[in-house]
Amino acid sequence: MSIDLTLERIGHLANQFPYTRPTIHVAGTNGKGSVTSLLASILRASALKVGKFNSPHLVSVYDCITINDERVTPELYHSCRTQVECADEECNSGASSFELLTVTALVIFEKANVDVAVIEVGMGGRLDATNVLPDHCILASALTTVDLDHQTILGDTVELIAREKAAIARGGKPFILGPQKHSSVRSNVEEIVLRRSGVIIPSIPVKPWAGGVDHSPHSLSARPFVPPLGQPIEFASDAFTSPVRAILPLYGAHQLDNLSVALTVISTLLTHPSSFTLLSRDHLRGITIETVRTGIENTSWPGRLSFHTLPHPITLASTRDPLVVLVDGAHNPASAEALASYISSVAMHGQSCVQMLHITYILALSHSPPKTPLQTLSPLLSLHSPSGSATVSVGVLRFTPPEGMPWVKSVSPSVLRDTVVGLSPHTHVWVAQDDAPLDGQLQQALEWAESQTSKCQDEGREHLVVLAGSLYLVADFYRLIERLVASTFQA
């Protein structure tokens, strides 16, 4: 099944449900979810009622629609979904699964009377279902970093992809342009935004803040394990009388870019005239330096550089120390590079050099040509420091297909194995069988990963398990955690 991007079907359906909520619309290749989470947390801390829509969902469909940081209740979701499906049948729209979900989210936000909705583009921008949002509702549009992904649908160059994503711009409304890796993105985005009479606002840089932070070395072997400290940041703009200083709980240097986009959006809401027609003075006065700081520090975005501990072994039959797992939905070369960079930084803040670290990767990838496993895995399997390379072992498997997205397929484990061996011939690889049942694959991979711990201890190495390659594998991981917690409770 292919993806048929168009606004004709959803436009016909959405017309049946008038939408009036002030909305922030966020596009980009990587970082959209982090930006929407930061925005929602800041606005929530500022006493606004906030709806947020992300895709795909992580564990269940209810995850992708939240109100005040709480996922939508099944009762509210199904009540609104039923209305949308009935309207789809009556007007013969023929809406796709994602289009039905998008309109359901809009209906929920309208029914809940949220003060602000923060909506992530699903894919691209110009023809994405979320671009059905009425012009008059848009507070601001934003674009995070643009890179190669979904080329068969969006275009085979970053310039073409950027133009597709920039097409969420609206006339007379601010368009916040985030930091870009590729210099050609900016000129292409500016052309599209100006053609649509949008107002381009470059994001304001976020700087590291050195004051009042404990910089003691971090150890992956510490028991109990304590995740690394967040990132101290400083942000200054004309919207505030003094700099905003906070501890950003999202890991990775790339999150400073995402935060710059989010904070520039917030600053723009406080200064751009178009905001004053959609938000009340009370709402705007509620956004202060203190609420921005609180919102930043309360931000949570699971599955993106998230540390977790699992019992040793996964079967709960031992009292050994927990297994430390770093979970990240890195699914393309750019996000894999960001993950690799973060792993290097963690290693260098622990032992004296990265040679003292053993990384056990657990990986699954989506089949998404022209993107290849080689392009995505290369950054992860070539970690280097001035002193040498970390030792690595790799487990490869499949993920559970996401509900309602039959076109999403796993790359065969045998193909992943061949890619790993081609990149690193001496790497030990655990491989699930291509035709093995999906149920239990991840638990088997984690049991294999924990078997590496004793060897690492004997060699004096720290051990980090990294689960990555697809958000659908991350979803399997969180479902496994839920089962482990339930098993522990029952025991």
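Computed from a prediction, not measured in an experiment: that's the story for all the values here.

Q: I keep staring at the overall build of the protein chain and nothing clicks. Help me out?
A: Helix and strand counts for the protein chain stand at 16 helices and 17 strands. Expressed as a percentage of the 491 residues in the protein chain, the buried residues total 56%.

Q: Can you help me understand the pattern of salt bridges in this one?
A: Where charged atoms from two side chains of opposite charge approach closely, those side chains can pair. Applying the stated rule across the entire model yields 17 salt bridges. Between Arg-21 and Glu-110 there is a salt bridge whose closest N-O contact spans 3.8 Å. Residue Arg-21 is found in the loop between α1 (8–14) and β1 (23–27), and its partner Glu-110 is found in helix α4 (residues 97–112); the two are separated by 89 residues along the sequence. Residues Arg-81 and Glu-85 are paired through a salt bridge, measuring 3.0 Å at the closest nitrogen-oxygen approach. With Arg-81 and Glu-85 both in helix α3 (residues 74–90), this residue pair falls 4 residues apart, about one helical turn. Residue classification places Arg-81 among the buried residues on the basis of a relative accessible area of 14%. Among the charged side chains, a network of salt bridges with common partners joins Asp-147, Lys-181 and Glu-337.

Q: What is the right way to read the packing of helix α2 (residues 32–45) against helix α10 (residues 289–297) from this model?
A: What describes two packed helices is the angle between their axes and the distance between those same axes. Two elements in contact, α2 and α10, have axes separated by 7 Å at closest approach and are oriented at 135°. Taken together, α2 and α10 sit at an angle that is classed as oblique. Between α2 and α10 the crossing geometry is right-handed. Where α2 abuts α10, its residues Ser-41, Ile-42 and Ala-45 lie against Thr-291, Val-292, Thr-294, Gly-295 and Ile-296. Split by residue class, the contact of α2 with α10 holds 4 nonpolar, 4 polar and no charged.

Q: Looking at this model, I keep getting lost on the confidence of the model for the protein chain. Mind explaining?
A: Reading fine detail from the predicted coordinates is not recommended where pLDDT is low. Residues of the protein chain with pLDDT of at least 70 account for 89%, and the chain-wide mean is 89. Segment residues 350–355 is flagged for pLDDT under 50; beyond a separation of four residues in sequence, or across chains, it makes 16 contacts in the model. Ignoring residues within four places in sequence, the model shows residues 384–388, a span with pLDDT below 50, making 8 contacts including any to other chains.

Q: Can you walk me through the environment of Val-199 in this structure?
A: Along the chain, Val-199 falls in strand β8 (residues 199–202). A relative accessible area of 30% means that Val-199 is categorised as partly exposed. Separated by 58 residues in the primary sequence, Val-199 and Ser-141 place their C-alpha atoms 9.7 Å from one another. Beyond its immediate sequence surroundings of up to four residues, Val-199 is in contact with Gly-172, Lys-173, Pro-174, Phe-175, Val-193 and His-272.

Q: Honestly, the pairing of strand β11 (residues 244–248) in this entry has me stumped. Any pointers?
A: For a regular strand, side-chain orientation follows a simple rule: the groups alternate between the two sheet faces. What you see with β11 is a clean split: Val-244, Ala-246 and Leu-248 sit on the buried side and Arg-245 and Ile-247 on the side with no burial. Relative to β11, strand β10 (residues 231–235) runs antiparallel, the two sharing 5 bridges. Pairing of Glu-234 across the sheet is with Arg-245, part of β11.

Q: Would you take a moment to explain the nonpolar core for this structure?
A: The nonpolar side chains of a soluble globular protein tend to be buried with one another. Ranked by internal contacts, the top residues of the largest apolar core, which has 40 residues, are Ile-24, Leu-39, Leu-43, Ile-266, Val-292 and Ile-296. For this core, the element with the most residues is helix α8 (residues 254–271), which contributes 9 residues. Counting residues in hydrophobic clusters, the runner-up holds 34 residues, among them Ile-10, Leu-106, Val-107 and Ile-138.

Q: Explanation requested: the packing of aromatic side chains in the structure shown.
A: Between two aromatic rings, the relevant description is the distance of the centres plus the angle of the planes. This model, assessed by the stated rule, comprises 8 aromatic pairs. Ring geometry for Phe-477 versus Tyr-478: centroids 5.7 Å apart, planes at 75°, classification edge-to-face. Summarising the burial analysis for this pair, Phe-477 and Tyr-478 share the class buried. By the ring-pair criterion, three or more aromatic residues cluster together here, those being Tyr-251, Phe-307 and Tyr-342.

Definitions and limits used
- Residues numbered from 1 in each chain as written.
- Predicted model: local features only at pLDDT ≥ 70, side-chain atom pairs only at ≥ 80, totals over all residues.
- Heavy atoms only, no water.
- Helix = DSSP H or I, 4+ residues; strand = E, 2+ residues; numbered from the N terminus.
- Buried < 20%, exposed > 50% of the residue type's maximum accessible area, 1.4 Å probe, protein only.
- Salt bridge = Lys/Arg side-chain N within 4 Å of Asp/Glu carboxyl O.
- Axes fitted to C-alpha atoms, helices over the stretch in contact; angles between N-to-C directions.
- Parallel < 35°, antiparallel > 145°, perpendicular 65-115°, else oblique.
- Left-handed = near helix turned anticlockwise from the far one by under 90°.
- Contact = heavy atoms within 4.5 Å.
- Nonpolar A, V, L, I, M, F, W, Y, C, P; charged D, E, K, R; others polar.
- pLDDT = per-residue confidence, 0-100.
- Pairing = 2+ DSSP bridges.
- Core = buried A, V, L, I, M, F, W, Y, C linked by side-chain atoms within 4.5 Å.
- Phe/Tyr/Trp six-rings, centres within 6.5 Å; stacked < 30°, edge-to-face > 60°.

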